[in-house]
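Each chain is listed here by its residues.
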Amino acid sequence: MVGYSAGGVASAALSWSRGRHQDASADFRRLLEIRPSDASTLQNLHLIERELGNWQEAAEFGALACELRPLAAACPFTLAETYGRLRRYGDAQRAMDRYLELQASIEDPGTV
């Protein structure tokens with residue numbers, strides 16, 4: 001079993017980089033059992049589940065990751081794409097609006 005360590009993360013990342021998405025998903029899920037509020041693990045699961053075509057599950061992981069990392073611009077951007085694939089256009093628009101708000105804050109840090 002993969003523990004939550006640099007080795008566990010490395011194992012999951014290696015599986016993912018080798019195109020073994022099912023293995024990567026299983027590894028990241030084990031990591032999530034150990035640290036259920038880890039935004040990086042949730043975001044990785046969001047991206048992997050998208051690659052596997054599990055769009056609803058991807059959206060759930062992505063939404064949790066965005067809640068835990070409210071200032072990470074990449075999070076709402078990828079979540080907007082995921083919502084778009086699910087035809088959840090209102091959610092996609094809200095996620096994209098959040099992304100644009102965060103991007104604007106990079107140019108003018110006083111806006112967020």
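Residue numbers run consecutively from 1 along every chain, following the written order of its sequence. Confidence filtering applies because this is a predicted model: local features only for residues at pLDDT of at least 70, side-chain atom pairs given and counted only at 80 or more, and all residues used for totals across whole chains, interfaces and linings. Only hydrogens and water are set aside; all other atoms, that is, all heavy atoms of the structure, feed into the side-chain values.

### Section: the pattern of salt bridges
Consideration 1: Just to be clear on terms, a salt bridge is a Lys or Arg side-chain nitrogen sitting within 4 Å of an Asp or Glu carboxyl oxygen. Under the definition given, this model contains nine salt bridges.
Consideration 2: Across the pair Glu49 and Arg29 runs a salt bridge, and its minimum N-O distance is 3.0 Å. Of this pair, Glu49 sits in helix 3 (residues 39-51) while Arg29 sits in helix 2 (residues 21-34), placing them 20 residues apart in sequence.
Consideration 3: Relative accessibility decides the category of a residue: with a 1.4 Å probe and only protein chains considered, values under 20% of the type maximum give buried, values over 50% give exposed, and everything between is partly exposed. Judged by relative accessible area, which is 1%, Glu49 ranks as buried.
Consideration 4: Across the pair Arg35 and Asp38 runs a salt bridge, and its minimum N-O distance is 3.7 Å. The way it works is that DSSP assigns letters per residue, a run of H or I at least four long becomes a helix, a run of E at least two long becomes a strand, and they are numbered from the N terminus.

### Remarks on the nonpolar core
Consideration 1: To define a nonpolar core, start from buried Ala, Val, Leu, Ile, Met, Phe, Trp, Tyr and Cys residues and group those joined through side-chain atoms within 4.5 Å. Phe28 and Tyr83 are the most contacted members of the largest nonpolar core, which has 19 residues in total.
Consideration 2: Taken together, the elements giving at least two residues each to this core come down to helix 1 (6-17), helix 2, helix 3, helix 4 (55-68), helix 5 (74-85) and helix 6 (89-107).
Consideration 3: Two residues form a contact once any of their heavy atoms are found within 4.5 Å. Each residue touching Phe28, except ones within four places of it in the same chain, is listed here: Ala12, Ala13, Trp16, Thr41, Asn44, Leu45 and Ile48.

### Brief notes about the packing of aromatic side chains
Consideration 1: Geometry of aromatic contacts follows a simple scheme: Phe, Tyr and Trp rings, the Trp one being its six-membered ring, pair when their centres are within 6.5 Å, and the pair is stacked under 30 degrees between planes, edge-to-face over 60, tilted otherwise. Following the criterion strictly, the structure yields one aromatic pair and no others.
Consideration 2: Ring geometry for Phe77 against Tyr99: centres 4.9 Å apart, planes inclined by 55°, an arrangement best described as tilted. In this pair, Phe77 is assigned in helix 5 and Tyr99 in helix 6, connecting sequence segments 22 residues apart.
Consideration 3: Classification of Tyr99 by relative accessible area gives buried; the value is 19%.

### Let's talk about helix 3
Consideration 1: With 13 residues, helix 3 extends 19 Å between its outermost C-alpha atoms, agreeing within 8% with the 18 Å of an ideal straight helix rising 1.5 Å per residue.
Consideration 2: Taken together, the buried positions of helix 3 are occupied by Ala39, Thr41, Leu42, Gln43, Leu45, His46, Ile48, Glu49 and Arg50.
Consideration 3: Two residues or fewer past helix 3, Gly53 is found with a positive phi of approximately 85°. In this scheme, a helix's expected span is set at 1.5 Å multiplied by one less than its residue total.

### As for helix 4
An α-helix turns once every 3.6 residues. As a result, residues three or four positions apart point the same way.
Consideration 1: Between its first and last C-alpha atoms helix 4 spans 20 Å; for 14 residues at 1.5 Å apiece the expected length is 20 Å, and the two agree.
Consideration 2: Listed in full, the buried residues belonging to helix 4 are Trp55, Ala58, Ala59, Phe61, Gly62, Ala65 and Cys66.
Consideration 3: Looking at the buried side of helix 4, the elements it contacts are helix 2, helix 3 and helix 5.

### Some words on the environment of Cys75
Consideration 1: Along the chain, Cys75 turns up in helix 5.
Consideration 2: For Cys75, a relative accessible area of 4% corresponds to the buried category.
Consideration 3: Contact partners of Cys75, with chain neighbours within four places excluded, come to Gln43, Gly62, Ala65 and Cys66.

### Brief notes about the confidence of the model for the protein chain
Low pLDDT marks stretches whose predicted atomic positions should not be read closely.
Consideration 1: Mean pLDDT for the protein chain: 89, with 88% of residues reaching 70 or above.
Consideration 2: What pLDDT reports is the predictor's confidence in each residue, on a scale of 0 through 100. Here helix 1 stands out as the least confident element of the protein chain, with mean pLDDT 76; helix 4 is the most confident, with 98.

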